[in-house]
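# A look at the structure
The residues making up each chain are set out below.
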Amino acid sequence: MLLKYTAIHKNIVSAFVLLIVLAAACYVLTVNLTPVPDPADLVPANTVAFVKVKDLADVALALKKSPVGKQLMAPELGSILDELGAEQGLREKVLEIAAVFKKLVEHPLLHVIFGRQAGLALLPAEVNAVEPAVHFAQNLVLVAQTKVPIAPGLLFSRFVPENVSTSSSVYYGTTITSVVLENGITLYYALLEQNLIFGLDPRPVQRCIILAGDRLLRPGLTLYQEKAYQQVLKNSKHKENALMYVNLAGGVSQWAGLTGNSDNRIRVGEEERLFLLQRSGVNKNTIRLVLKGYGQRPTGIIQRYQLASPIVNPHLQQIPSGTAVYFWSNWLNFSKFWLVASQAPTLKTATVMFYIAQQFYEHTGTDISTFASLLGEQFGFFIKEVPSATFATVPMLCLQLQVRDPAAMKKMLKKQLSGVKTHVTRIDNVEAVSVVMAGGLIQPTYIIIDEWLIIADHINQIKEFLESRKKTLFADKAFVKVNNGFTQKSNVLHYARIDKVNQGLLHLLYWGISTMEGAHGLTSKQQRLLMERCVLPVFKSLAKVRSQGIRVVRQAEDLVVEVNLLYTLQRKNEKIKK
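Basis of the calculations
- Residues numbered from 1 in each chain as written.
- Predicted model: local features only at pLDDT ≥ 70, side-chain atom pairs only at ≥ 80, totals over all residues.
- Heavy atoms only, no water.
- Helix = DSSP H or I, 4+ residues; strand = E, 2+ residues; numbered from the N terminus.
- Buried < 20%, exposed > 50% of the residue type's maximum accessible area, 1.4 Å probe, protein only.
- Contact = heavy atoms within 4.5 Å.
- Areas by Shrake-Rupley, 256 points an atom, 1.4 Å probe, with all protein chains shown as cover.
- Pairing = 2+ DSSP bridges.
- Core = buried A, V, L, I, M, F, W, Y, C linked by side-chain atoms within 4.5 Å.
- pLDDT = per-residue confidence, 0-100.
- Salt bridge = Lys/Arg side-chain N within 4 Å of Asp/Glu carboxyl O.
- Phe/Tyr/Trp six-rings, centres within 6.5 Å; stacked < 30°, edge-to-face > 60°.
- Arc of directions from axis to C-beta.
- Patch = residues over 30% accessible without salt bridge, like charges linked within 9 Å, V, L, I, M, F, W, Y side chains within 5 Å.
- Axes fitted to C-alpha atoms, helices over the stretch in contact; angles between N-to-C directions.
- Parallel < 35°, antiparallel > 145°, perpendicular 65-115°, else oblique.
- Nonpolar A, V, L, I, M, F, W, Y, C, P; charged D, E, K, R; others polar.

Turning next to the overall build of the protein chain. A count of helices and strands for the protein chain gives 20 helices and 20 strands. Residues classed as buried in the protein chain amount to 41% of the 578 residues present. Considering only contacts within the protein chain whose residues lie at least 6 apart along the sequence, 66% involve residues at least 24 apart. As displayed, the protein chain offers around 31,700 Å² of accessible surface, 61% of which is attributable to carbon and sulfur atoms.

Before going further, it helps to spend a moment on the pairing of strand β11 (residues 325-329). Regular strands place side chains that alternate from one sheet face to the opposite one. For β11, the buried fraction is high: four of the five residues fall into the buried class. As judged from the five bridges shared by β11 and strand β12 (residues 375-383), these two strands associate in the antiparallel manner. Each residue of the ladder has a partner; that of W328, found in β12, is G380. One ladder, built from five bridges, connects β11 with strand β18 (residues 492-496); its direction is antiparallel. Residue pairing across strands places F327 opposite H494, the latter belonging to β18.

In this structure, N139 sits in helix α7 (residues 132-139). Beyond its immediate sequence surroundings of up to four residues, N139 is in contact with A121, L122, L123, P124, A125, E126, P204 and R207.

Ranked by internal contacts, the top residues of the largest apolar core, which has 28 residues, are F50, Y229 and F275. Mapped by element, the contributors of at least two residues to this core are β3 (140-145), β6 (186-192), α9 (202-217), α10 (227-235), β8 (242-247) and β9 (273-281). Non-local contacts of F275, meaning those with residues more than four positions away in its chain, are made with A228, Y229, V232, M244, Y245, R288, L289, V290 and K292. Membership of the second largest hydrophobic core comes to 24 residues, among which are C398, W452, F465 and L466.

What follows covers the confidence of the model for the protein chain. For the protein chain, per-residue confidence averages 79 on the pLDDT scale, and 80% of positions sit at 70 or higher. The secondary structure element of the protein chain with the lowest average pLDDT is helix α1 (residues 2-32), at 42, and the one with the highest is β11, at 95. Segment residues 7-34: pLDDT under 50, and seven contacts once partners within four positions in sequence are set aside and those in other chains are kept.

Turning our eyes to something else, we now look at the pattern of salt bridges. Working definition: two side chains of opposite charge can pair if their charged atoms are close together. Inspection of the entire model under this criterion finds eleven salt bridges. For R91, the salt bridge is made with D82, and the minimal N-O distance between the two is 2.7 Å. According to the relative accessible area criterion, D82 is partly exposed, its value standing at 44%. For K292, the salt bridge identified is with D558, shortest N-O distance 2.9 Å. With K292 in strand β10 (residues 284-292) and D558 in strand β20 (residues 558-562), this residue pair connects regions lying 266 residues apart in the sequence. By the burial criterion, K292 is buried, and D558 matches it. Through salt bridges with shared partners, a single ionic network connects D38, K52 and E240.

Moving on, we get to the packing of aromatic side chains. Evaluation of the coordinates by the stated rule reveals 14 aromatic pairs. Aromatic pair Y229 and F275: ring centres 6.3 Å apart, planes at 55°, arrangement tilted. One end of the pair, Y229, is in helix α10; the other, F275, is in strand β9, with 46 residues separating them in the sequence. Accessibility classification places Y229 together with F275 in one group, the buried group. Among the aromatic residues, those joined into a cluster by ring pairs are Y224, Y229, Y245 and F275.

Next up on the list: unusual backbone geometry. In the Ramachandran plot, D428 falls in the positive-phi region, its phi being about 50° despite a non-glycine side chain. Turning to its location among the elements, D428 is positioned in the loop between β14 (422-427) and β15 (430-435). Phi at D450 is positive, roughly 55°, even though this residue is not glycine. Residue D450 is classed as exposed on the basis of its relative accessible area, which comes to 66%.

Those residues of α10 lying buried are A228, Y229, V232 and L233. Viewed end-on, α10 has its buried residues packed into an arc of 135°, placing them on one side of the element. Among the exposed residues of α10, those oriented more than 90 degrees off its buried face are K227, K234 and N235. Buried positions along α10 lie against β1 (49-53), β8, β9 and β10. Just beyond α10, the residue with positive phi is K237, at close to 60°.

This brings us to the environment of H238. If you trace the backbone, H238 turns up in the loop between α10 and β8. For H238, a relative accessible area of 46% puts it in the partly exposed group. Separated by 41 residues in sequence, H238 and R279 place their C-alpha atoms 9.8 Å apart. With residues up to four places along the chain from it excluded, the contact list for H238 reads Y224 and L233.

What follows is about the pairing of β8. One ladder, built from five bridges, connects β1 with β8; its direction is antiparallel. Each residue of the ladder has a partner; that of V51, found in β8, is M244. Where β8 lies against β9, six bridges are found, and the strand directions are antiparallel. Bridge pairing in β9 places N247 opposite R273.

Moving on, we get to the environment of L104. Here L104 is to be found in helix α5 (residues 88-105). For the pair formed by L104 and A57, sequence separation is 47 residues and the distance between their alpha carbons is 9.2 Å.

So, on to a nonpolar patch on the surface. A surface patch of nonpolar side chains, amounting to about 290 Å² of accessible area, comprises L63, V68, V538 and L542. With respect to the helices and strands, the residue V68 is situated in helix α3 (residues 67-72).

What follows covers the packing of helix α13 (residues 334-342) against helix α14 (residues 347-364). The angle between the axes and the distance between the axes are what describe a pair of packed helices. With their axes 9 Å apart at the nearest point, α13 and α14 run at an angle of 135° to one another. One way to sum up the angle between α13 and α14 is to call them oblique. Facing W338, A341 and S342 of α13, the residues of α14 in contact are T349, M353, I356 and A357. Taken together, the residues that form the contact of α13 with α14 break down as five nonpolar, two polar and no charged.

See the structure below:
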């Protein structure tokens, strides 16, 4: 009796344990059966490259409304390409892209099908293709989350000739449909829950279908679940409008397999990943670039050069108000760079470095290593003005170089300028040396103050720099709005008044294109079309941008580029001047 009771007891315990295991398994599966949170959850963790946008429909419509999009959709696009003398192959390709784009943005179901997240991925190759076109066709896949599980055929009805029939097959319970588009390209697609999966070959679609099932039982298989991907999303608080991801090690390996060149000189760490995230705000646009694991590279110039740690920029508070362009970095260790470069393993590089050293000594009488040892790690410059429409003004450059031995640098400069006419002026007890050139019309000037060598186009810039405490860059609203951590420890800082720079570039392009007549076979009509239909639309697309700020910081083994473009919108009454 006791033995029978014991056996029954064991059976009950075993059944109870089995029920607990089944309940736990059901719970895990139930948790994982939630809708795919991100298109990256349908591509493998070792994906080579991935681009995601929050709302593909909005991106397409924004491009349609832009000056570039309007030119792309212009009815006279074909005649314009003819007048510009475009080659037949290029002309047909542009018109084909324009036709597909027009049908897409004018589709009534655009927001229903592409109104949520969409991601384009380059999957790791299963086999090495001979041609790049075949390689990308076999490994490219687009995943788009739809607002409702709508039949994809409704979308492609506008792209498929009426007499063309589609075919379909079932793969692991999911239907894959193939359809031949008007341009002859065969497209494969499948609807998985509310995710549309597109490919130019059935295999990448099949791989995503397999992964959709496997991720429920074996977490960690997808890119979305990768540690680095999750960490970047967490830091951005999942507020990014667009994201780009590149597995650098996988990309280098795939390129080597595609080209057949196993002796690739590009060396990256196995865990090295590149992320680029874009986020929109009120009158702002922020771009953040993160290079994770760059410090793990086994070899290369980064390891030998040893980039300096971030510091606070000591001269930022002295940059004068109204500056158009500013740049600063503490990564210009000229002495270390020369040492690393001169130890190059190739004979060609060593020969070039020897020639440079020889020429430097002949012209200065100083060994280049000695000169390099006088310079510190910090380097900067600012430009006060940019060329106007009539080129009445020229860029006014002021260069800043950190000096390790100010006395030795002063002595060397005095020796080099001994045979040149100079003029010495004292400004606030600082000696400013001007080199008199072209009868006094050109007078580049330098000063050595504290541990800095300041070189400017004209003595007036030196005066303004020394007196800039009265009104500095921090008084400019255009700078304040893009100042994102400029006063904190950094490795690179860059600021620019994009509206001013673009005006200067536009006038330079006008001048350059006007000189192309005759020499490059462009008629005056072609010049006008080139400017009005190609150049101006690009600049008009940037017309809202007033200023930008970029900040780079090295963090342990990661490199963070606070590209923080933080664009501010241009006032309505401002237009691009021709």
